[in-house]
Amino acid sequence: MSGTPDEAFLRLALAEAHLARERGEDPFGAVIVRAGQVVAQAGSRELETGDPLAHAEAVAIRAACQAPETLTLRGCTLYSSTEPCVMCSGALKWAGIDRVVFSVPQSELQTISSGLLKPSCAALVNTGNRRIDTKSNKTQRVLASGASVKKHGAAEVEGYSGAVSEYPGIGATPYEVVESLLLAEGLAILAGHRFLSKAQRYDARKR
């Protein structure tokens, strides 16, 4: 299937989400790419591992860091079937990932799962001592594909006047979040899935 590189890599994340659903997990998948090469990919593995932190993004970030034994993933893009949750947004922030591309936004996901609306990935990454000044450096535009792009410039960092490159995830290229790419395909992965209690499903597996 033809498309842009972002669409191709995002489809790999959607495929991981589909595989996770087939394993009985919630249908979430993630892929991490550096310089056009996949360095890690994963689907949700919470029930399989008995680990509530084993979200697709977290598993992929851990694998991408462990292989080269590094704590920073600068220069990487994370592709996710859905907008990263609060925990995974924090993980990608501390891993220093430069870009995030996802299909289904939290607003759509929570409508499907009957959950409460969560803070956006962009808002969570743009916090703390390394927060980028969004008042003067944030722009938003809409791509022809319908995906929304938010760029967070690195020219002005609160409380910091040195070289921006010393901050993980903040460099010459603005931090970027691409939202709602391939939305119809992402929603199709979630269609009909029942978001039941993970604790109850895990206990049922042990019986």
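Our subject is the structure listed above.
Starting afresh in each chain, residues are numbered from 1 along the sequence in its written order. Two thresholds apply to this predicted model, a pLDDT of at least 70 for residue-level local features and 80 or more for giving and counting side-chain atom pairs, whereas whole-chain, interface and lining totals are computed over all residues. Side-chain measures here rest on the full set of heavy atoms in the structure, leaving out hydrogens and waters.

A.B. asks: Please clarify how the environment of Glu 176 should be interpreted in this entry.
C.D. replies: Every helix listed is a DSSP run of H or I at least four residues long, and every strand listed is a run of E at least two residues long, numbered separately from the N terminus. Among the secondary structure elements, Glu 176 is positioned in strand β7 (residues 175–179). On the basis of relative accessible area, Glu 176 is assigned to the buried category, the value being 11%. In the structure, Glu 176 is positioned 54 residues away from Ala 122 in sequence and 8.3 Å away in space, judged by C-alpha atoms. Relative accessibility decides the category of a residue: with a 1.4 Å probe and only protein chains considered, values under 20% of the type maximum give buried, values over 50% give exposed, and everything between is partly exposed.

A.B. asks: Mind showing me how you'd approach unusual backbone geometry here?
C.D. replies: Negative phi characterises most residues that are not glycine, and trans characterises most peptide bonds. Of note in the backbone geometry, Glu 69 takes a positive phi value of approximately 55 degrees without being a glycine. With respect to the helices, strands and loops of the structure, Glu 69 is situated in the loop between α3 (56–66) and β3 (76–82). Although it is not a glycine, Ser 180 sits at a positive phi angle of roughly 60 degrees.

A.B. asks: Any chance you could explain the environment of His 193 here in plain terms?
C.D. replies: Position of His 193 relative to the elements: it lies in the loop between α8 (183–190) and α9 (198–206). Apart from the residues within four sequence positions on either side, His 193 is in contact with Arg 21, Glu 25, Asp 26 and Pro 27. Any pair of residues with heavy atoms lying within 4.5 Å of one another is described as a contacting pair.

A.B. asks: Help me understand the nonpolar core in this model?
C.D. replies: One recurring pattern in soluble globular proteins: nonpolar side chains tend to sit buried together. For our purposes a nonpolar core is just a set of buried Ala, Val, Leu, Ile, Met, Phe, Trp, Tyr and Cys residues, chained together by side-chain atoms within 4.5 Å. Of all hydrophobic cores here, the largest spans 28 residues; its most connected members are Ile 32, Ile 61, Leu 73, Leu 92, Ile 97 and Val 100. A total of 6 residues in this core trace back to one element, the largest contributor, which is α3. Apart from the residues lying within four places of it in its own chain, the contact partners of Ile 97 are Ile 32, Ile 61, Leu 73, Cys 76, Thr 77, Leu 78, Leu 92 and Tyr 175. Counting 13 residues, the second largest nonpolar core, distinct from the first, contains Ala 13, Ala 17, Val 33 and Ile 189.

A.B. asks: It is not clear to me how the pattern of salt bridges should be interpreted in this structure. Could you clarify?
C.D. replies: A side chain of one charge can pair with a side chain of the opposite charge if their charged atoms are brought near each other. Salt bridges are identified by distance alone: a Lys or Arg side-chain nitrogen within 4 Å of an Asp or Glu carboxyl oxygen. Under the criterion given, the structure shown has 8 salt bridges. A salt bridge links Asp 26 to Lys 198, with the shortest nitrogen-to-oxygen separation between them at 3.7 Å. One end of the pair, Asp 26, is in the loop between α1 (5–22) and β1 (29–34); the other, Lys 198, is in helix α9, and 172 residues separate them in sequence. Several salt bridges converge on common partners, so that one network encompasses Asp 26, Glu 46, Lys 198 and Arg 201.

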